[in-house]
Amino acid sequence: MKFTKMHGIGNDYVLVNRIQEPILDPRALSVRMCQRHTGIGADGLVLLESSSAADFTMRIFNADGSESESCGNALRCIAGYIRSKKLTGKTEFSLETGSGIRGISILSGDDEAYRIRVDMGEPVLTPDKIPVKLPGDRVLGYTLRMDGRLYTISAVGMGNPHCIVFTDDPDWIDVQTIGLLIENHALFPNKTNVEFMKVVDRGHIRLRVWERGVGETMACGTGACAAMVAAFLSGRVDTTVVAHLRGGSLLVEWNLQNNHVCQTGAAEHVFNGDWPDDTIAG
């Protein structure tokens, strides 16, 4: 089975064209391929499939085998994969995900690296749709008591659930411990991604990310979008920000006229390879 490894500002993925390659058990395959010591090593397995509603379908399986609804960095990676494999000649096309159809714009690049803009759709703020088990119309600036400490959190859906934790300095946060606790907190019935955010100024934010089903990652596209939305709604930033993550930066824009959030950033090719046929089924 042929695969390609790509990354979006350090968020790395194994990409496979399932239109051409038979995969019987993608959950088990993701666990094997994503192992960093015994496999290829990645944050997730991304599958390209056909679609009756868009140009293509993207499915993403986390390193633990769980399926995610969407991922901003994976969207850019698979868009770059589609272009590099010449599966379309268009610079603008659509991808169907578990949370809806996303618009892709290839802004520049070649087969090794691209700069790509993704329309991530509308942010979800209604608690039961994120989902988060809290009352009211929005969860902004909620005080969460956990292990004897207080955390100021907001919840935003960007096709997948996010909990944003406001902090003075994300570098001093014990992301491993606190991220895991919040991911599995009873408030979040489907678990959650966690972003630890510092607002630098009205045009810049800094983030560290704990991804549901993966652990701490170098970046998260949907997380950057969710964090920007939470920061804007709390009056701390403007509608366009640069999100600085451990692996690099993303431009995040919220168009209030159509209520769509867009993210722009890099997608880079790492290497191609072949995975043994006898393990494709998991």
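Our subject is the structure that appears above.
The rules we used
- Residues numbered from 1 in each chain as written.
- Predicted model: local features only at pLDDT ≥ 70, side-chain atom pairs only at ≥ 80, totals over all residues.
- Heavy atoms only, no water.
- Helix = DSSP H or I, 4+ residues; strand = E, 2+ residues; numbered from the N terminus.
- Rg over C-alpha atoms; globule rule 2.2 N^0.38 Å.
- Contact = heavy atoms within 4.5 Å.
- Areas by Shrake-Rupley, 256 points an atom, 1.4 Å probe, with all protein chains shown as cover.
- Lys, Arg positive; Asp, Glu negative; His and termini not counted.
- Charge placed at Lys NZ, Arg CZ, Asp CG, Glu CD.
- Salt bridge = Lys/Arg side-chain N within 4 Å of Asp/Glu carboxyl O.
- Buried < 20%, exposed > 50% of the residue type's maximum accessible area, 1.4 Å probe, protein only.
- Phe/Tyr/Trp six-rings, centres within 6.5 Å; stacked < 30°, edge-to-face > 60°.

**Student:** Which residues make up the overall build of the chain, and what are the values?
**Tutor:** When helices and strands are tallied, the chain shows four helices and 17 strands. Against the 2.2 N^0.38 benchmark of 19 Å for 282 residues, the chain shows a C-alpha radius of gyration of 18 Å, consistent with a compact globule. Overall, the C-alpha framework of the chain stretches about 50 × 40 × 30 Å when taken along its three principal axes. Of the contacts formed within the chain by residues at least 6 apart in sequence, a portion of 62% connects residues at least 24 apart. Of the roughly 11,800 Å² that the chain leaves accessible, carbon and sulfur atoms contribute 47%. Positive and negative side-chain charges of the chain, numbering 28 and 34 respectively, have mean locations separated by a distance of 2 Å.

**Student:** Please give an account of the pattern of salt bridges that cites residues and values.
**Tutor:** A full pass over the atoms with the stated rule returns 17 salt bridges. The salt bridge partner of lysine 86 is aspartate 111, with a shortest N-O separation of 3.7 Å. Taken together, the positions of lysine 86 in the loop between α2 (72-84) and β6 (92-97) and aspartate 111 in the loop between β7 (100-109) and β8 (113-119) put the pair 25 residues apart, joining distant regions of the chain. Overall, the relative accessible area of 61% leaves lysine 86 in the exposed class. Within the structure, one salt-bridge network assembled from shared partners comprises Arg18, Arg27, Glu49, Arg59 and Glu67.

**Student:** Outline the packing of aromatic side chains, supporting the account with residue identities and numerical values.
**Tutor:** Aromatic ring pairs are defined here through the distance separating the ring centres and the angle between the ring planes. On inspection of all chains with the given rule, the structure shows three aromatic pairs. Both rings, one in phenylalanine 56 and one in phenylalanine 93, keep their centres 6.4 Å apart while their planes meet at 85°; by these two values the pair is edge-to-face. Of this pair, phenylalanine 56 sits in strand β4 (residues 56-62) while phenylalanine 93 sits in strand β6; the two residues are 37 residues apart in sequence, bridging distant segments of the chain. With centroids separated by 5.5 Å and ring planes inclined at 75°, the aromatic side chains of phenylalanine 232 and tryptophan 254 adopt a geometry described as edge-to-face. Taken together, the positions of phenylalanine 232 in helix α4 (residues 221-233) and tryptophan 254 in strand β16 (residues 248-255) put the pair 22 residues apart, joining distant regions of the chain.

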